[in-house]
Amino acid sequence: MKIAILGYGVVGSGAYEILKRYGYEVKWVLDIRPHDELGSVLTSNYDDILNDKEVSVVAEAIGGLEPAHTFVVKALKAGKHVVSSNKHLICQYYEELHTLARENGVSIRFTSSVGGGIPWLYNLRRSVRCDEISKVMGIMNGTTNFILDAMITDSRDFDEVLKEAQALGYAEANPSADIDGLDVARKTAISASVAFNTIIKEENVSVFSMRTIQKCDIDYICKNLGTVRYMGFGIKNGDSVSTFVEPTILPLSAPESTVCKNFNMITLFGKSVGRLSFFGQGAGKYPTGNALAQDIIDVVSGCSYTQDTPIELTVDNHKVERAYYIRTKAQIEGDIVAKCEKINGNNHIITKKMSVKDIHTLSCAILVSDSSSFFAGIEE
Ligand code: HSE
């Protein structure tokens, strides 16, 4: 079984170096840029890989949708196993890629697409084999955790810490994907799809941005409620699933409250196994390269994986209820307010328990009145 890696950027080069160091031969690396150190292993022509009968594992680390999608589809149709670190690709084409893998009797593995170096999806898939998962949740974005931790621990300013996260290479090319929640929405959709053997699309995930958090929110939350992290949730209720991404207030005793810097922590709740949490580096050349290499080694070692045909579940965010913290200058009508304190012109509100669906609908109206409003779910 010979290996080909598509893309020699941060993750692809990390995986290549790790595989080489441990004696695994990579026959081809596809990249359009020159890399003298790769010698004849480097090609810019995908057909070299596709037509090479010796290559049975194609690891995609190009990122984005095209040409990654075309290359991966061709590899699966040619009967080659596919491993990918590309959350955008996996989220967008989850159903198609799994169907093609099943039809062609090959594996599609993507552990490194969620949680970087953490073997989260690998273990989630193992759990699903003989357990019933009721909930997945977690801190799945290093950039936003880095920002919140620095704001809480060192009283630093949001914009300044975001710039540092960009300089350190944690943030996406467009950091809006981090701080407005798209990155976590994709990771939540992939995790929920695996956990519940269904297809969750990124547009099924309701998202609160965390870009409006201010020092006054940190002060209020830390004084009265605990701490705050940016988290994704997938929760199963009978034949429906709730999926959402929200700044989340946690008691200081929660394991997530201790997650500092750019670390991730992702958790499953299984009927047999109970709570199982995975902690580690959610990004970076060697952590993510390591997870990609581990998937490749599993496939090379004959450890195959086929997903059952997915079942259809509706997405319904009415079914989960929680209390919310809202900071806004807007007046909130109705019977949802459990507590309200006015501080420096802002209403700091704790709501009664309300459905995820209702608060996300209400937030649109509140943001029209005061676009700087901040919302956070309160996790018990
Ligand atoms: N921008 C992402 C993060 C990279 O900060 O976690 C890993 O997906």
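What you see is a predicted model, and the numbers here were worked out from it, not measured in a lab. (Residues numbered from 1 in each chain as written. Predicted model: local features only at pLDDT ≥ 70, side-chain atom pairs only at ≥ 80, totals over all residues. Heavy atoms only, no water.)

*Asks:* I keep staring at the site of the ligand and nothing clicks. Help me out?
*Replies:* The local shell around the ligand consists of Lys-87, Asn-141, Gly-142, Thr-143, Tyr-170, Ala-171, Glu-172, Asp-178, Asp-183, Lys-187, Gly-282 and Ala-283. Between the ligand and the protein, one listed contact pairs an oxygen atom with a backbone N or O atom of Gly-142 at 2.8 Å. In this structure, Tyr-170 approaches the ligand through a main-chain N or O atom, which is 2.8 Å from a nitrogen atom. Its free accessible area being 260 Å², the ligand has 90% of it covered by the protein chains. Listed by contribution, the elements that provide at least two residues to the shell around the ligand are α7 (142-154) and α10 (182-196). (Near = heavy atom within 4 Å. Polar contact = N/O pair within 3.5 Å; in protein donor to acceptor, adjacent residues only side chain to side chain. Areas by Shrake-Rupley, 256 points an atom, 1.4 Å probe, with all protein chains shown as cover. Helix = DSSP H or I, 4+ residues; strand = E, 2+ residues; numbered from the N terminus.)

*Asks:* Help me understand the pattern of salt bridges, please; the structure alone is not making it clear to me.
*Replies:* Opposite charge on two side chains allows them to pair when their charged atoms are near. Taken as a whole and judged by the stated rule, the model has 24 salt bridges. Put simply, Glu-379 and Lys-135 hold a salt bridge, and the shortest N to O gap is 2.9 Å. Here Lys-135 lies in strand β7 (residues 133-139) and Glu-379 lies in the segment after β19 (374-378), a separation of 244 residues in the sequence. The partner of Glu-164 in a salt bridge is Arg-156, with the nearest N and O atoms 2.7 Å apart. Salt bridges sharing common partners tie together Lys-2, Glu-25, Lys-27, Asp-52 and Glu-54. (Salt bridge = Lys/Arg side-chain N within 4 Å of Asp/Glu carboxyl O.)

*Asks:* How should the domain arrangement of the protein chain be read in this particular structure?
*Replies:* Here the protein chain is described as being made up of domain 1 (2-117 + 286-300) and domain 2 (121-281 + 320-378). Taking only C-alpha atoms, the centre of domain 1 and the centre of domain 2 are 31 Å apart. Taken together, the contact pairs 19 residues of domain 1 with 20 residues of domain 2. Taken together, both faces of the contact between domain 1 and domain 2 bury some 1,600 Å²; the carbon and sulfur share is 63%. If you sort the residues of domain 1 by the area they bury against domain 2, Lys-87, Cys-91 and Val-114 come out on top, with a joint share of 38%. One can count 2 salt bridges joining domain 1 with domain 2. Applying the counting criterion to the domain 1 and domain 2 interface returns 6 residue pairs in polar contact (both at pLDDT 80 or more). Listing elements by their share of the side of domain 1 that touches domain 2, those giving two or more residues are α4 (87-92), α5 (94-104), β6 (108-109) and α12 (285-300). Of the residues forming the side of domain 1 that touches domain 2, the biggest block, 5 residues, is contributed by α4. Tallied by class, residues from the side of domain 1 that touches domain 2 come to 7 nonpolar, 8 polar and 4 charged. (Domains from an automatic or database assignment. Contact = heavy atoms within 4.5 Å. Buried area = accessible area lost by both parts, 1.4 Å probe. Nonpolar A, V, L, I, M, F, W, Y, C, P; charged D, E, K, R; others polar.)

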